[in-house]
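# Examining the three-dimensional arrangement
Here is what each chain is made of, one letter per residue.
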Amino acid sequence: MARTQVGIIGAGPAGLLLSYLLHAEGIDAVVLEARSREYVERRVRAGVCEHPTVELLREIGVGARMDAEGLPHHGFSLRFDGEDHRIALSELTGKTIMVYGQQEIVKDLIAAHEAKGYPVEFEVSDVELSGLDSESPRVSYRDADGVARALECDVIAGCDGFHGVSRPSIPDVKVFNREYPFAWLGVLARTPPSHEELIYTHHERGFALHSMRSPEITRLYLQVPHDEKIDEWPDDRIWSELSARLVTSGEFSLREGPILDKSVTPMRSFVAEPMQYGRLFLAGDAAHIVPPTGAKGMNLAVADVRVLSRALVDLLQHKRSELAESYSDTCLKRVWRAEHFSWYMTSMLHTDPDGDDFQRRLQLSQLRYTASSKAAATSLAENYVGLPFE
Ligand SMILES: Cc1cc2nc3c(=O)[nH]c(=O)nc-3n(C[C@H](O)[C@H](O)[C@H](O)COP(=O)(O)OP(=O)(O)OC[C@H]3O[C@@H](n4cnc5c(N)ncnc54)[C@H](O)[C@@H]3O)c2cc1C
């Protein structure tokens, strides 16, 4: 049976970054991923990197392409009642965010693994965890050729996303769940952004977000019913609905172009507690989900593995277990802050199909207050750019 110190399930941002951080400290790790390399490198998801995420990627030497191709942003617009109200992130917090696609970070991390010879096995199947309450837990799986393999570890990191096998391996896990009565239709279009910054729009027809991935590629989102079928949205309908919701009295015209990718993502808030059991530690979407309105999902995954890597260095190199034992408590404080912020942004900006006029008046009042009060805007901005890791 093969051996490693840390068996990592999943090659998303959480698994790859954890592996890289551990190897940098001299700890062996093997990443096992169900999908192919091409698939994970093309998976279009998040695109807003918080300030602490950007700093960490630079610090560990995988930020060069992000700095060359990413788009630093100093603010974004809240658009409601047809007017733009700028949230000046840099002025309010002294920090910026970076628009750089999650799949680009995944590509950079895989390339960095390849360059250093750190192992990542793609297209594995039948992953099963055992011996989690012992000091040598095991992962059994089939490799890309279908050959049965097993990996004996000191620790297993469950970085396998919401639908992975790790979280269900924890007995008596307590789950907090909220599903929203709407979803996001996300579109990637080959057209230059119509505005230099993100625009978060509250409109009676539903929420819309104008974002971007590069000077040539625009990312756009529309609030749709939670059970919406993508076939209901031919390209023409997407562009006309975006135009209707993004309408403003100021200067703005929506640039249209060929749609490269479109998908519907349900909106949910979810937390599993605790995030550890014996020698299994969960990180990222395996432990928690946020609705994407606050741009927190990938950043939370990064924050988890930053805490976990330090805890595992202490545990495996210095035989000190305090940080490992408090891993879940440490992470959950930040997780619940992000859960609250993501819920707040979602509630403020979306149109609740079951809401009444009273609720709509409250939403508008919250938006006006956020746009006009420096204190309220600063609170939003400091959460948006990302609170310090520690
Ligand atoms: C469709 C979608 C759209 C999103 N859009 C946005 C967005 O616009 N903005 C935003 O901020 N956030 C968005 N998110 C959230 C953000 O992308 C996630 O929070 C982020 O990917 C979390 O990283 P992770 O590494 O924890 O999990 P993941 O990126 O999900 O990685 C988990 C990995 O584990 C692998 N895996 C799963 N099961 C197994 C198994 N049994 N064995 C081996 N490997 C396994 C998966 O293939 C995957 O590669 C989106 C999420 C989804 C699902």
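Look up a bit, the structure's there.
Attention in this report is confined to the structure presented alongside it. (Residues numbered from 1 in each chain as written. Predicted model: local features only at pLDDT ≥ 70, side-chain atom pairs only at ≥ 80, totals over all residues. Heavy atoms only, no water.)

### Here's the deal with helix α8 (residues 297-318)
We count it as follows: Runs of E in the DSSP output that reach at least two residues are strands. Runs of H or I that reach at least four are helices, and both are numbered from the N terminus. The length a helix should cover is 1.5 Å for every residue beyond the first. Summary of the burial criterion: residues with accessible area below 20% of their type's maximum are buried, those above 50% are exposed, and those between are partly exposed, where the area comes from a 1.4 Å probe applied to protein chains only.
If you check α8, its first and last C-alpha atoms are 31 Å apart, about what 22 residues at 1.5 Å a residue would give, namely 32 Å. Of all 22 residues that make up α8, 17 are buried, and the element is covered over most of its length. Just beyond α8, the residue with positive phi is Lys 319, at close to 55 degrees.

### Digging into the pairing of strand β14 (residues 174-190)
Spelled out, the test is: Two strands are said to pair when DSSP picks up at least two bridges between them.
Bridging between β14 and strand β18 (residues 259-273) involves 13 bridges; their strand directions are antiparallel. Residue Val 175 lies in a different strand from β18, and its bridge partner there is Ala 272. Examined bridge by bridge, β14 and strand β17 (residues 217-225) share 9 bridges and lie antiparallel to one another. Considered in β17, the bridge of Ala 189 is made with Thr 218.

### A closer look at the nonpolar core
Rule in force here: Definition used in this section: a nonpolar core is a set of buried Ala, Val, Leu, Ile, Met, Phe, Trp, Tyr and Cys residues joined via side-chain atoms within 4.5 Å. Throughout, a contact is declared for two residues whenever any of their heavy atoms are within 4.5 Å.
Counting residues in hydrophobic clusters, the biggest one holds 72 residues, and the most contacted among them are Val 6, Ile 8, Leu 17 and Val 139. The element best represented in this core is α8, accounting for 11 residues. Discounting chain neighbours no more than four positions away, the residues touching Val 139 are Ile 9, Leu 32, Val 127, Glu 128, Leu 129, Arg 149, Ala 150, Leu 151, Cys 153 and Ile 156. Membership of the second largest hydrophobic core comes to 32 residues, among which are Ile 97, Trp 184, Leu 198 and Tyr 384.

### Things to note about the sheet that holds strand β11 (residues 138-142)
Taken in spatial order, the 4 strands line up as β1-β12-β11-β10 in an open sheet, and their pairing is mixed. Strands with a single pairing partner mark the edges of an open sheet, and in this sheet they are β1 (2-3) and β10 (125-130). Two strands pair when backbone bridges link them, and β10 and β11 are joined in this way by 4 bridges, in the antiparallel orientation. Counterpart to Leu 129 in the pairing with β11 is Val 139.

### What about the site of the ligand?
Defined as follows: The rule for a residue being near a molecule or strand is that one of its heavy atoms must lie within 4 Å of it. For this analysis, a polar contact is any N or O atom pair within 3.5 Å, provided that within protein one partner can donate a hydrogen and the other can accept it, and provided that sequence-adjacent residues contribute only side-chain to side-chain pairs. The accessible surface values rely on the Shrake-Rupley method and a 1.4 Å probe; as for residues, cover is taken only from the protein chains in view. Classification convention: Asp, Glu, Lys, Arg as charged; Ala, Val, Leu, Ile, Met, Phe, Trp, Tyr, Cys, Pro as nonpolar; all other residues, Gly among them, as polar.
Taken together, 31 residues lie near the ligand, and Glu 33, Arg 43, Gln 102, Tyr 221 and Asp 285 sit nearest. Between Arg 45 and the ligand, the recorded distance is 2.9 Å, taken from a side-chain N or O atom to an oxygen atom. Here Gln 102 contributes a side-chain N or O atom positioned 2.7 Å from an oxygen atom of the ligand. In the complex, the protein chains occlude 84% of the 1000 Å² of accessible area that the ligand would expose alone. Elements that contribute at least two residues to the shell around the ligand include exactly α1 (13-24) and α8. Take the shell around the ligand: its biggest share by element is 3 residues, from α8. When the residues that make up the shell around the ligand are grouped by side-chain class, the tally is 16 nonpolar, 8 polar and 7 charged.

### Things to note about the sheet that holds β18
Each strand in a sheet pairs with another by means of backbone hydrogen bonds, the pair being arranged parallel or else antiparallel. With mixed pairing, the 8 strands of this open sheet are ordered in space as β7-β6-β15-β16-β17-β14-β18-β21. In the strand order of this sheet, the two ends are held by β7 (83-87) and β21 (288-289), each with one partner. Alignment of strand β6 (residues 76-80) against strand β15 (residues 199-201), held across 3 bridges, turns out to be parallel. Looking at the pairing, Leu 78 lines up with Tyr 200 of β15.

Just geometry here; none of it tells us what the structure is for.
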